[in-house]
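# Coordinate inspection notes
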Amino acid sequence: MTRNALTREEVLAAAASLVMRDGPAALTMRGLAAALGTAVTSIYWHVGNRESLLDALVERTVREVGAITPTGTTPAARILSVAGILRRELRTRPHLVAMVHERGLTDRMFLPAQQALVHEVHAAGLRGARAADAVRAIQFQIVGFLLVERNRERSPAQSPAEGELWDPATAPHDPALARALARPADPERLFLLSVRALTEALLRPGADRSPPDRRRPAG
């Protein structure tokens, strides 16, 4: 492959693949050139030095995570689709998302998802502070679920494991529950279940989900 045949997007796509697989520390100009079958000088020609390359990868990640097209026939269904898209995009590129966070661009990365959620809560009739609370509650649920999910995946093997701790004798009043908790969790199903339940509660007509003001009166 020659420099003239190589494009900037091909360089960025190859660099993103290396980072997604091995992390930012594994990304070197020489290693990237080898992966592309080209000379190191060709990499510099298209993306500049390594710092410029990392900046370009961050911008690319912000664009990709923000490319959200909701689907569904109701606001609740479209919100669920936004949640699923955002979870998938974040899960597939954790190292790149970490780079975005380190450069202080996390809020900008989430803006398109927030805007999509705003559109749907407006379509459901929410306005003002209640709409803002709904958008943030859904966003926090998505990100919080993802953090718990990753923590479980990265945790050392548990002994005894959850499946060993739950048996019918553990919950004699509800053996079916014990059997269910003894089985491995299904993150995809739990994610959809939690976001759907939260969304339906937030969009319910006439429901005021604002927490009470717990500040003590002055004096």
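Now for a look at the structure at hand. Every value quoted in this text rests on a predicted model; they were computed, and no experiment measured them. (Residues numbered from 1 in each chain as written. Predicted model: local features only at pLDDT ≥ 70, side-chain atom pairs only at ≥ 80, totals over all residues. Heavy atoms only, no water.)

With that out of the way, let us pick up the packing of helix H5 (residues 75-92) against helix H7 (residues 106-123). Where H5 contacts H7, the axes come no closer than 9 Å and their chain directions differ by 170°. Looking at the two axes, H5 sits roughly antiparallel to H7. Across from Pro75, Arg78, Ile79, Val82, Leu86 and Leu90 in H5, the residues of H7 making contact are Met109, Phe110, Ala113, Ala116, Leu117, Glu120, Val121 and Ala123. Its residues assigned to classes, the contact of H5 with H7 shows twelve nonpolar, no polar and two charged. (Axes fitted to C-alpha atoms, helices over the stretch in contact; angles between N-to-C directions. Helix = DSSP H or I, 4+ residues; strand = E, 2+ residues; numbered from the N terminus. Parallel < 35°, antiparallel > 145°, perpendicular 65-115°, else oblique. Contact = heavy atoms within 4.5 Å. Nonpolar A, V, L, I, M, F, W, Y, C, P; charged D, E, K, R; others polar.)

Let's shift gears to helix H4 (residues 50-65). Along its 16 residues, H4 runs 22 Å from first to last C-alpha, staying within 8% of the 22 Å computed at 1.5 Å per residue. Packing partners of the buried residues in H4 comprise helix H1 (8-22), helix H2 (29-36), helix H3 (40-47), H5, helix H6 (94-102) and H7. Among the residues of H4, the N-terminal cap falls to asparagine 49, whose side-chain oxygen and the backbone nitrogen of glutamate 51 are separated by 3.2 Å. (Expected span 1.5 Å × (residues − 1). Polar contact = N/O pair within 3.5 Å; in protein donor to acceptor, adjacent residues only side chain to side chain.)

Okay, the packing of aromatic side chains next. As enumerated under the stated definition, the model contains one aromatic pair in all. Each ring, one from phenylalanine 145 and one from phenylalanine 191, has its centre 5.2 Å from the other, and the planes form 70°; the classification is edge-to-face. Remark: phenylalanine 191 occurs in helix H11 (residues 187-203) and phenylalanine 145 occurs in helix H8 (residues 128-154); sequence separation between them is 46 residues. For the residue pair phenylalanine 145 and phenylalanine 191, the accessibility class agrees, reading buried in each case. Stacked on the ring of phenylalanine 191, the Lys or Arg arginine 87 has its end atom at 5.0 Å from the ring centre. (Phe/Tyr/Trp six-rings, centres within 6.5 Å; stacked < 30°, edge-to-face > 60°. Buried < 20%, exposed > 50% of the residue type's maximum accessible area, 1.4 Å probe, protein only. Lys NZ or Arg CZ within 6 Å of the ring centre and 35° of its normal.)

It is worth spelling out H11 at this point. An ideal rise of 1.5 Å per residue puts 24 Å on 17 residues; H11 measures up with 24 Å between its terminal C-alpha atoms. Close packing links the buried residues of H11 with H5, H7 and H8.

It is worth spelling out the packing of H2 against H3 at this point. As a packed pair, H2 and H3 sit with axes 8 Å apart at the nearest point and diverge in direction by 100°. With respect to each other, H2 and H3 are oriented roughly perpendicular. Residues Met29, Arg30, Leu32, Ala33 and Leu36 of H2 lie in contact with H3, whose contacting residues are Val40, Ile43, Tyr44 and Val47. Its residues placed into classes, the contact of H2 with H3 shows eight nonpolar, no polar and one charged.

Moving on, we get to unusual backbone geometry. The omega angle of the peptide bond from serine 159 to proline 160 is 5°, so this bond is cis rather than trans. Here proline 160 lies in the loop between H8 and helix H9 (162-165).

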